[in-house]
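The residues making up each chain are set out below.
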Amino acid sequence: MSSTSSSFQMGELVADRHVRYILMAEKKKESFESVVMDHLRMNGAYWGLTTLALLDKLGSVSVDEVVSWLMTCQHESGGFAGNTGHDPHVLYTLSAVQILALFDKLDILDVGKVSSYVAGLQNEDGSFSGDMWGEVDTRFSYISICCLSILKCLDKINVKKAVDYIVSCKNLDGGFGCTPGAESHAGQIFCCVGALAITGSLHHVDKDLLGWWLCERQVKSGGLNGRPEKLPDVCYSWWVLSSLIMIDRVHWIDKAKLVKFILDCQDLENGGISDRPDDAVDIFHTYFGVAGLSLLEYPGVKAIDPAYALPVDVINRIILNK
Ligand code: GRG
């Protein structure tokens, strides 16, 4: 779906403008946004490129340019950094692997090296650290499991222990937190449910209880928040919706109202999507807005896989060899 330059309609996805916004953001290296994002450029690249893929415009970027920059971010340990010359972290390693998957370029990787880096971050209790400094979080469990699954190397970790650790982070409200006993938060729920989905362990989730908690995230405006009493934010269209889809409870929210909320967060003139209507746009919310619309089956947006956060056609190619 797109609009002409003279007449963009309210209530429509201005896909062409979002594509232009993403392509321009990459060129504006001196902008404030680029400077503050410099250390996590790999994440920005994943968000921007996946948005382009969902809008069927990945062909607008030079694959060689992206891949040769991406490979300069690999550390001798096998892990990837957020940009050239920075330290590796599992977060950027997943983004690098996802970008290569998008471009069908995984064969450029020394899979043994990358997977050993990721597997080496698993701790004795089954949890994962994000890097050599040791911070533990269920985000890193998801990231490691997703990354190793894409690389077909899940056998390098103790999957049972990884699953047991995630289950130990389950709360009485059915949700999950970043560590055992930590408050349920939609972002962490996506990570835990995603990791359980990838490892075929969704039987550990109380689907009705969690589905209830997740659908309570929808507020009057139609947007979703990340936990009780908080403001809605477009990014939760991803974290909450993908979780609801994985546990088969997405019909418990008002989809039309959520579509309207996301569309209301667009900059109709210059492209990009913000966290809430009338706020400044950025590439993170542009990605999660478009990804949310994809989960809502918005016309003209390609389908995204709720567990791997990659287009379904990419997952079919890599995981299912279709
Ligand atoms: C491949 C999609 C993908 C993800 C990789 C990094 C990661 C795995 C998951 C992050 C999950 C997470 C914790 C998301 C939440 C992000 C967010 C908006 C946090 C804000 O938290 P608060 O407390 O905001 O500042 P609230 O909304 O609670 O007020």
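Per chain, the residues get numbers from 1 upward, laid out in the order the sequence is written. Residues qualify for local features only when their pLDDT is at least 70, as the model is predicted, and side-chain atom pairs are given and counted only at 80 or more; totals for whole chains, interfaces and linings, by contrast, use all residues. Water and hydrogen atoms play no part in the side-chain values, which are based on all heavy atoms of the structure.

(A) Molecular detail of the overall build of the protein. The helix and strand labels rest on DSSP assignments: H or I over at least four residues marks a helix, E over at least two residues marks a strand, and numbering proceeds from the N terminus. Secondary structure assignment for the protein yields 14 helices and zero strands. Listed by position from the N terminus, the elements making up the protein come as α-α-α-α-α-α-α-α-α-α-α-α-α-α. What you see for the protein is a C-alpha radius of gyration of 19 Å, in line with the 20 Å of a compact globule of 322 residues. Summarising its shape, the C-alpha atoms of the protein cover approximately 60 × 45 × 40 Å along the three principal directions. Think of it in three bands: residues with accessible area under 20% of the maximum for their type are buried, residues over 50% are exposed, and the middle band is partly exposed, with areas taken using a 1.4 Å probe on protein chains only. Residues classed as buried in the protein amount to 57% of the 322 residues present. Residues are treated as being in contact if the distance between any of their heavy atoms lies within 4.5 Å. A separation threshold of at least 6 residues defines the contact pool for the protein, and within that pool the share at least 24 residues apart is 65%. For accessible areas, the Shrake-Rupley method is used with a probe of radius 1.4 Å. Any residue's cover is judged against the shown protein chains and nothing else. By element, 54% of the accessible surface of the protein is carried by carbon and sulfur atoms, the whole surface being about 13,800 Å². Taking the average location of the 28 positive side-chain charges in the protein and that of its 40 negative ones, the two points are 3 Å from each other. What the globule rule says is 2.2 Å times the number of residues to the power 0.38, and the radius of gyration is computed from C-alpha atoms. Under the convention used here, Asp and Glu are negative, Lys and Arg are positive, and both His and the chain ends fall outside the count. Where a charge sits is defined by one atom per residue type, namely NZ (Lys), CZ (Arg), CG (Asp) or CD (Glu).

(B) Region of interest: the packing of aromatic side chains. Geometry of aromatic contacts follows a simple scheme: Phe, Tyr and Trp rings, the Trp one being its six-membered ring, pair when their centres are within 6.5 Å, and the pair is stacked under 30 degrees between planes, edge-to-face over 60, tilted otherwise. Applying the stated criterion across every chain yields a total of eight aromatic pairs. Note on Trp 239 and Phe 288: the rings are 4.8 Å apart at their centroids and 40° apart in plane angle, and the pair reads as tilted. Of this pair, Trp 239 sits in helix 11 (residues 236–246) while Phe 288 sits in helix 13 (residues 283–295), and the two are 49 residues apart along the sequence. Joined through ring pairs, the aromatic side chains of Tyr 46, Trp 47, Tyr 142, Phe 190, Trp 238, Trp 239, Phe 284, Tyr 287 and Phe 288 make up one cluster. Counting as a charge over the ring demands two things of the Lys NZ or Arg CZ atom: a distance within 6 Å of the ring centre and an angle within 35 degrees of the ring normal. Taking NZ or CZ as reference, Arg 41 lies 4.7 Å from the ring centre of Trp 69, over its face.

(C) Structural view of helix 4 (residues 63–72). Every buried residue of helix 4 is accounted for by Val 66, Val 67, Trp 69 and Leu 70. The buried residues of helix 4 occupy one face: seen down the axis, they fall within an arc of 165°. With respect to the buried face of helix 4, the exposed residues turned more than 90 degrees away are Asp 64 and Glu 65. Elements in contact with the buried residues of helix 4: helix 3 (41–54) and helix 5 (90–102). What the arc describes is the spread of directions from the helix axis to the C-beta atoms.

(D) Molecular detail of the site of the ligand. Definition of nearness: a residue and a molecule or strand are near each other if at least one heavy atom of the residue lies within 4 Å of the molecule or strand. Surrounding the ligand, one finds 17 residues, the nearest of these being His 185, Gln 188, Arg 227, Lys 230 and Tyr 236. His 185 has a polar side-chain atom sitting 3.4 Å from an oxygen atom of the ligand. We define a polar contact as two N or O atoms separated by no more than 3.5 Å, with the added condition that, inside protein, one atom must be a possible hydrogen donor and the other a possible acceptor, whereas residues neighbouring each other in sequence contribute only through side-chain atom pairs. Lys 230 is positioned such that a nitrogen or oxygen atom in its side chain is 3.3 Å from an oxygen atom of the ligand. Computed on the free molecule, the ligand has an accessible area of 750 Å², of which 73% lies beneath the protein chains in the complex. Cavities and pockets are defined on a 1 Å grid built over the protein atoms alone: a cavity is a set of grid points where a 1.4 Å probe fits but cannot escape, while a pocket is an open set with protein on both sides within 12 Å along at least five of seven lines, and lining residues are those with an atom within 4 Å of any such point. Pocket occupancy is defined atom-wise: a molecule lies in a cavity or pocket when more than half of its atoms are within 2 Å of its grid points. Structurally, the ligand is housed in the second largest pocket. Elements supplying a minimum of two residues to the shell around the ligand: helix 5, helix 7 (138–150), helix 9 (186–198) and helix 11.

(E) Summary view of the layout of surface pockets. Grid points are joined across faces, edges and corners, and a volume is the space filled by probe spheres set on the points. Each pocket or cavity is described by its volume, and for the second largest pocket that value is around 490 Å³. Forming the walls of the second largest pocket are 24 residues, and the residues nearest its centre are Trp 47, Leu 91, Ile 143, Trp 239 and Phe 288. Broken down by secondary-structure element, the contributors of at least two residues to the lining of the second largest pocket are helix 3, helix 5, helix 7, helix 9, helix 11 and helix 13. Among the residues forming the lining of the second largest pocket, the class breakdown is 17 nonpolar, six polar and one charged. As a working rule, the residues Ala, Val, Leu, Ile, Met, Phe, Trp, Tyr, Cys and Pro are called nonpolar, Asp, Glu, Lys and Arg charged, and the rest polar, with Gly in that last group.

(F) Inspection of the pattern of salt bridges at higher detail. We define a salt bridge as a contact between a side-chain nitrogen of Lys or Arg and a carboxyl oxygen of Asp or Glu at a distance within 4 Å. Evaluation of the coordinates by the stated rule reveals eleven salt bridges. Note that Glu 183 is salt-bridged to Arg 227, the shortest N-O span being 2.9 Å. You can see Glu 183 sitting in the loop between helix 8 (159–167) and helix 9 and its partner Arg 227 sitting in the loop between helix 10 (207–215) and helix 11, a full 44 residues away along the chain. Residue classification places Arg 227 among the partly exposed residues on the basis of a relative accessible area of 23%. In this structure, the salt-bridge partner of Asp 208 is Arg 249, at a minimum N-O distance of 2.9 Å. Taken together, the residues span a long stretch of sequence, with Asp 208 in helix 10 and Arg 249 in the loop between helix 11 and helix 12 (255–264) at a distance of 41 residues. Of the residues examined, Asp 208 reaches a relative accessible area of 44% and is grouped as partly exposed. Owing to a relative accessible area of 16%, Arg 249 belongs among the buried residues under this scheme. Several salt bridges share partner residues, and in doing so they unite Asp 56, Lys 302 and Asp 313 into one network.

Shape is all these values report; function is a separate question.
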